[in-house]
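Coordinates in review
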2 protein chains.
Amino acid sequence: MSFADSLRKVQQEQNSLLCIGLDPDPDRLPTHLGTSPRAVLEFNKQIIESTGDLVCAYKMNLAFYEALGDEGWSVIRKTVEAVPGNVVTIGDAKRGDIGNTAERSALALFGDLKFSAVTVNPYMGFDSVEPYLKYRERGVFLLALTSNPGSKDFQRLKAGLKPVYERVVRAARKWNEGGNIGLVVGATHPRELKRIRKLVPTMPLLIPGIGHQGGDVRQVVRYGCDRKGFSAVINVGRSVIFASREKDFTSAVRREAMMVRDEIRMIQAEAFGA
Amino acid sequence: MSFADSLRKVQQEQNSLLCIGLDPDPDRLPTHLGTSPRAVLEFNKQIIESTGDLVCAYKMNLAFYEALGDEGWSVIRKTVEAVPGNVVTIGDAKRGDIGNTAERSALALFGDLKFSAVTVNPYMGFDSVEPYLKYRERGVFLLALTSNPGSKDFQRLKAGLKPVYERVVRAARKWNEGGNIGLVVGATHPRELKRIRKLVPTMPLLIPGIGHQGGDVRQVVRYGCDRKGFSAVINVGRSVIFASREKDFTSAVRREAMMVRDEIRMIQAEAFGA
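The structure contained in this document is the topic of the report that follows. (Residues numbered from 1 in each chain as written. Chains lettered and ligands numbered in written order. Predicted model: local features only at pLDDT ≥ 70, side-chain atom pairs only at ≥ 80, totals over all residues.)

**Let's talk about the interface of chain B and chain A**
Contacts between chain B and chain A engage 49 residues on the former and 49 residues on the latter. Among the elements that line the side of chain B that touches chain A, the one with the most residues is helix 5 (residues 99-112) of chain B, at 7 residues. Considering only residue class, the side of chain B that touches chain A consists of 19 nonpolar, 18 polar and 12 charged. (Contact = placed C-beta atoms within 7 Å. Helix = DSSP H or I, 4+ residues; strand = E, 2+ residues; numbered from the N terminus. Nonpolar A, V, L, I, M, F, W, Y, C, P; charged D, E, K, R; others polar.)

And the structure:
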């Protein structure tokens, strides 16, 4: 089964488009856990345990684990291992390098850490993306139009009649022989999201930027989904995982996650009758 | 002292523009060392010990260490620690992410691993670069025009009258208030290197792609240096570090490194009388 198909499958099974971003800042963990790498792992495990039935995916931004020092890598591995088997794990790595290096990176992320998908920065072009694509069952989300203000600096430059990010979208469509390419499109750009969805009607879109960054859930669901109301992976990070610093933080986390999931569901039902 | 100045200083002191790329594939190490993470560290240490007086910098591509698994991060740290104090250490990380994430990444690379410089992918724009720039004494090399075939896919797209990579060069010039920005320009693009050097007469340029990838040393030195014959950091990887698999591999490595350094020196002397 292609990555696009297996993503759709888990979204239907779980009845959820929600992805929780496990990007733990040690200083914001529940007080009783402390701030050590072990505390981060415990934090992640408890979040996964209390939300595993509410999500289609978890996304881990590797920088937050690199900042933990020597133990960071094993915290990533053990977090991935704690995720229920049917749920997608996205290594938000934003890598991208020449061929022989990208091969090592793909081995690290897919072979060692066993992520079911990763994010890749497309700036270095096809041969920097190809080594990841060779893992046919895994997903490769290329950064197209990111949620941050700096997305205007290069991604929005007009190259001929099309902005650079649209060139990435069109390249992704061309390179997608294995059905395992996806795109990252920030929730802060609803108009462009709509246009991108038209260009790639069934491709998985990873959409960060609702919550803290201000993206609108309604537009994200309406514009980001495929025609059946799936294939959009809607990421929420800080507003869910840092919902409480109390000992029973998982109940607040679960409540918060459920609220977002249900809001998404409602809009999904309205718009697609799904 | 700005990073650009301190780079020039070490290049003069060491009388070398050579950077050795420590990108160890465990399967290509000298046979007696084995293939473990510990073997990689030993390999790096011996290379550094036998070439420390011949280089201005060592560059470590992080993907090669990530592929080592849990111990990779500490191998990076211990390798950086083994580099003589005056020599620049470049973390070839090619990171780039939204602000709060880039802050964690900068902390990991500069605060924890203590690299004196890193490479950053500029695709996500200014706010993804800024957190690295805040470390005023450290260098930040932005990918402009990379050495690989895929550099044509997006970097060379014309955005208005200028290719995208030139927009990066111009942005780098504008963002360089602290004198700590550099650019990555592949040795495989000599004409563009010449043009970029005109746009940024004194900015550090990290130039990979001679040796295995086929870039021409003569053109790289002539076109990549500033007017006094410095500020180009010329990276050589595989052809030096894998010069021999014998027990006394360090003599072959040293010989190979010296040959490249001297070739660079000769061209430097011809072209700049340095």
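**Quick look at the relation of the copies chain B and chain A**
When chain B is fitted to chain A, the best match, at an RMSD of 0.0 Å, comes from turning it 180° and sliding it 0.0 Å along the axis. Viewed as a symmetry operation, the transformation between the two copies matches a two-fold axis. The rotation axis passes nearest to the C-alpha of Ala-159 of chain B in chain B, at a distance of 2.1 Å. Most of the interface of chain B is mirrored in chain A, where 100% of its interface residues again form contacts. (Least-squares fit on C-alpha atoms with pLDDT ≥ 70 in both.)

**So, the packing of helix 2 (residues 37-51) of chain A against helix 4 (residues 72-82) of chain A**
Residue and element names in this part refer to chain A. Taken N-terminus to C-terminus, the directions of helix 2 and helix 4 make an angle of 15°; their axes are 10 Å apart at the nearest point. Relative to helix 4, the element helix 2 is oriented roughly parallel. The handedness of the crossing between helix 2 and helix 4 is right-handed. Packed against helix 2, whose contacting residues are Pro-37, Val-40, Leu-41, Asn-44, Lys-45 and Ile-48, the element helix 4 presents Gly-72, Val-75, Lys-78, Thr-79 and Ala-82 at the interface. In terms of residue class, the contact of helix 2 with helix 4 is built from 6 nonpolar, 3 polar and 2 charged. (Axes fitted to C-alpha atoms, helices over the stretch in contact; angles between N-to-C directions. Parallel < 35°, antiparallel > 145°, perpendicular 65-115°, else oblique. Left-handed = near helix turned anticlockwise from the far one by under 90°.)

**Topic: the environment of Thr-146 of chain B**
Summarising the element assignment, Thr-146 of chain B is placed in the loop between strand 5 (139-145) and strand 6 (158-159). Accessibility expressed as a C-beta count within 10 Å gives 27 for Thr-146 of chain B, which makes it buried. Each C-alpha atom, one on Thr-146 of chain B and one on Ala-187 of chain B, is 8.4 Å from the other, the two residues being 41 residues apart in sequence. Not counting chain neighbours up to four residues away, the residues in contact with Thr-146 of chain B comprise Met-124 of chain A together with Ser-151, Gln-155, Val-184 and Gly-186 of chain B. (Buried ≥ 20, exposed ≤ 12 C-beta atoms within 10 Å, placed from the backbone.)

**Considerations on the sheet that holds strand 9 (residues 205-207) of chain B**
All names here are of chain B. Spatially, 8 strands are ordered 1-2-3-4-5-8-9-10 in a closed barrel, and the strand pairing comes out parallel. Averaged over all pairs of adjacent strands, the angle between their axes in this sheet comes to 30°, without regard to strand direction. Where strand 5 lies against strand 8 (residues 181-185), 5 bridges are found, and the strand directions are parallel. Across the sheet, the residue bridging to Phe-141 is Gly-182, located in strand 8. Most of the contacts of helix 6 (residues 126-133) go to strand 5, to which it runs at about 150°, and overall it touches strand 4 (117-120) and strand 5. Against the sheet, helix 9 (residues 217-224) makes contact with strand 9 and strand 10 (232-236), and its axis sits at roughly 160° relative to strand 10, the strand it touches most. (Pairing = 2+ DSSP bridges.)

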